[in-house]
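Structural features, examined
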Amino acid sequence: MGKVTGIAGRYGARYGSTLRKKWKEIMEKRYDDHKCPYCKTTGKVIRLASGIWYCKKCNSKWAGLAYTPY
């Protein structure tokens, strides 16, 4: 049985372990459930583009960080 690699497992042995670990941390933060700063709902926030976030419930759109909304 191999290691549990999570989201970075798609890259196998390519690109080096340090880069895969850094990429994994960033992507796990990006795909977490985020809380809307306006309606406080969790799980309805999506990323439209780099730094542009949108809440499906209250239809608010705001600028945040590239991989996290705040």
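Residues numbered from 1 in each chain as written. Predicted model: local features only at pLDDT ≥ 70, side-chain atom pairs only at ≥ 80, totals over all residues. Heavy atoms only, no water.

Details of the sheet that holds strand E2 (residues 52-55)
The antiparallel open sheet is built from three strands, whose spatial order is E1-E2-E3. Among the strands making up the open sheet, the edge pair consists of strand E1 (45-49) and strand E3 (61-63). Between one strand axis and the next, the sheet turns by 30° as a mean value, whatever way the strands run. One ladder, built from three bridges, connects E2 with E3; its direction is antiparallel. Bridge pairing links Trp 53 to Trp 62 in E3. (Pairing = 2+ DSSP bridges. Helix = DSSP H or I, 4+ residues; strand = E, 2+ residues; numbered from the N terminus. Axes fitted to C-alpha atoms, helices over the stretch in contact; angles between N-to-C directions.)

With respect to unusual backbone geometry
The phi torsion at Lys 40 lies on the positive side, around 65°, for a residue other than glycine. Considering the arrangement of structural elements, one finds Lys 40 in the loop between helix H1 (17-30) and E1.

Brief notes about the pattern of salt bridges
Tallying each qualifying case throughout the model produces one salt bridge. Note that Lys 24 and Glu 28 form a salt bridge whose closest N and O atoms lie 3.9 Å from each other. Linking Lys 24 with Glu 28, this pair stays in helix H1, spanning four residues, or about one helical turn. Its relative accessible area of 37% is what places Glu 28 among the partly exposed residues. (Salt bridge = Lys/Arg side-chain N within 4 Å of Asp/Glu carboxyl O. Buried < 20%, exposed > 50% of the residue type's maximum accessible area, 1.4 Å probe, protein only.)

Some points on the packing of aromatic side chains
Across all of its chains, the model carries three aromatic pairs by this definition. Centroid distance Tyr 11 to Trp 23: 5.1 Å. Interplanar angle 85°. Geometry classified as edge-to-face. Placement of Tyr 11 in the segment before H1 and of Trp 23 in helix H1 is noted, with a sequence separation of twelve residues between them. On the numbers, 5.8 Å between centres and 70° between planes, the contact of Tyr 38 with Trp 62 is edge-to-face. Of this pair, Tyr 38 sits in the loop between H1 and E1 while Trp 62 is found in strand E3, placing the two residues 24 residues apart along the sequence. Taking the relative accessible area as the measure of exposure, Tyr 38 reaches 54% and is therefore exposed. (Phe/Tyr/Trp six-rings, centres within 6.5 Å; stacked < 30°, edge-to-face > 60°.)

Looking at the UniProt feature "binding site: Zn(2+)" (unreviewed entry) in the chain
UniProt annotation of "binding site: Zn(2+)" (unreviewed entry) refers to Cys 36, Cys 39, Cys 55 and Cys 58 when read in the numbering used here. The greatest C-alpha distance among the residues just named is 8.7 Å, despite their covering 23 residues of sequence, which places them together in space. Within the secondary structure layout, Cys 39 lies in the loop between H1 and E1. Among the residues examined, Cys 39 registers a relative accessible area of 28% and is labelled partly exposed. In this structure Cys 58 comes out as partly exposed when scored by relative accessible area, which is 32%. Once residues lying within four places of it in the same chain are set aside, the contact partners of Cys 58 are Cys 36, Tyr 38 and Cys 39. (UniProt positions renumbered as here; feature names shortened; annotations may be inferred. Contact = heavy atoms within 4.5 Å.)

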